[in-house]
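This is what each chain is made of:
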Amino acid sequence: MPITRNIVDQSKFNPDPVLPYELRIMDFEAAMQDVYDFFYDVNSHLAEKGLERLDDMLRPAIMSGVLSDMVTASLAKHSRTLTENTYFNGHPDLVVQGVYSDNAVRAGDQGVEIKTTRKKGGAVDTHGARDQWMCVFVYRVDNQTEPALDRLPMSFTEVYLSLVTVDDFRRNARGELGTRTATLDRYGIRKLRENWLYLE
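Residues numbered from 1 in each chain as written. Predicted model: local features only at pLDDT ≥ 70, side-chain atom pairs only at ≥ 80, totals over all residues. Heavy atoms only, no water.

A. Fine view of the pairing of strand S5 (residues 132-140). Burial of S5 is extensive: eight of the nine residues sit out of reach of the surface. As paired strands, strand S3 (residues 111-117) and S5 are joined by six bridges and run parallel to one another. Bridge pairing links Thr117 to Val138 in S5. Of the pairings in the sheet, the one linking S5 to strand S6 (residues 155-164) comprises nine bridges and is antiparallel in character. The residue bridging Phe137 from the neighbouring strand is Val159, located in S6. (Buried < 20%, exposed > 50% of the residue type's maximum accessible area, 1.4 Å probe, protein only. Helix = DSSP H or I, 4+ residues; strand = E, 2+ residues; numbered from the N terminus. Pairing = 2+ DSSP bridges.)

Dropping the structure here:
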């Protein structure tokens, strides 16, 4: 069975979301389709050689990191005003073009932070509580169907975008070897979900 090409379902987008920085629903649709097309191309090539899909090769944390980078790069390409933050591990991932020197900032407040997660509802850990526009892409990977060639392609199931503040986060306890993180509390999650962009 050939690899399936995923197509973004336009009917699942919010018809009237709040969008900052001249963003458009078409920007999100294009970014999601770019990711789908990449996985289709790569997985088709891997299947021809009898190798497992990229979705099955990558561990969940690596998959989320790859998707975050891909969505960030694609949104920067399609957006009218946003570009990638060129500061390594800088915040936010997307910055308003021309606001920061060389579009690089360690910790800025003009732009959008991109997160990806498999957790329904968009709850995701961050490295710190901040006032920020946060965009969360929730995705699903089929690692169960057998035979593996019959597995469904990776799909984005939810997308949220909201302006959250420091007060919307709860700090997570840190173990001896852990990194301190923060997660939106129940009120912050409610705020995030109110401005949903895409729901499958």
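B. Quick peek at the sheet that holds S6. Strand order in this open sheet of six strands is S1-S2-S3-S5-S6-S9, and the pairing throughout is mixed. If you trace the sheet from one side to the other, it starts and ends with strand S1 (82-84) and strand S9 (196-199), each paired once. Between one strand axis and the next, the sheet turns through 20° on average, direction left out of account. The strands touched by helix H1 (residues 25-48) are S5, S6 and S9; relative to S6, the strand with the most contacts, the crossing angle is about 140°. Sheet contacts for helix H3 (residues 60-78): S1, strand S2 (94-96), S3, S5 and S6; angle to S3, the most-contacted strand, approximately 145°. (Axes fitted to C-alpha atoms, helices over the stretch in contact; angles between N-to-C directions. Contact = heavy atoms within 4.5 Å.)

C. Seen up close, H1. With 24 residues, H1 should reach 34 Å at 1.5 Å per residue; the first-to-last C-alpha distance of 35 Å fits that figure. Taken residue by residue, H1 has Asp27, Phe28, Ala31, Met32, Gln33, Val35, Tyr36, Phe39, Asn43, Ser44 and Leu46 as its buried positions. In the segment just after H1, Gly50 is the residue with positive phi, at about 75°. (Expected span 1.5 Å × (residues − 1).)

D. Quick look at the sheet that holds strand S7 (residues 169-171). A sheet is described by the order of its strands in space; here three strands give the open sequence S4-S8-S7, paired in antiparallel fashion. The open sheet has two edge strands, strand S4 (125-126) and S7, and neither has a second partner. Bridge analysis of S7 against strand S8 (residues 182-184) gives three bridges, and the strand direction is antiparallel. In the strand pairing of S8, Arg171 is matched with Ala182.

E. Highlighting the side chain of Asp56. Tracing the backbone shows Asp56 in helix H2 (residues 54-57). Since its relative accessible area comes to 18%, Asp56 is described here as buried. At 2.8 Å, the side chain of Asp56 and the side chain of Asn143 are in polar contact. One polar contact links Asp56 to Arg151, side chain to side chain, over a distance of 3.0 Å. Look past the residues within four positions of Asp56 in its chain and what remains in contact with it is Asp142, Asn143 and Arg151. (Polar contact = N/O pair within 3.5 Å; in protein donor to acceptor, adjacent residues only side chain to side chain.)

F. Main features of empty space enclosed by the protein. Taken as a whole and judged by the stated rule, the model has two cavities of 30 Å³ or more. Here the largest cavity is characterised by a volume of approximately 100 Å³. Lining the largest cavity are 14 residues; nearest its centre among them are Ile3, Thr4, Asn43, Pro153 and Met154. Counting residues per element, the lining of the largest cavity draws most heavily on H1, which supplies four residues. The residue makeup of the lining of the largest cavity, split by class, is eight nonpolar, three polar and three charged. Of the pockets and cavities examined, the second largest cavity occupies roughly 40 Å³. Lining the second largest cavity are His91, Pro92, Gly108, Asp109, Gly111, Val112, Glu113, Asp131, Gln132 and Trp133. Among the elements of the structure, S3 and S5 are those that each provide at least two residues to the lining of the second largest cavity. Ranked by the residues each element gives to the lining of the second largest cavity, the list is headed by S3, at three residues. Here the residues of the lining of the second largest cavity sort into three nonpolar, four polar and three charged. (1 Å grid on protein atoms, 1.4 Å probe; cavity = no way out; pocket = protein on both sides within 12 Å on 5 of 7 lines; lining within 4 Å. Points joined across faces, edges and corners; volume = space filled by probe spheres on them. Nonpolar A, V, L, I, M, F, W, Y, C, P; charged D, E, K, R; others polar.)

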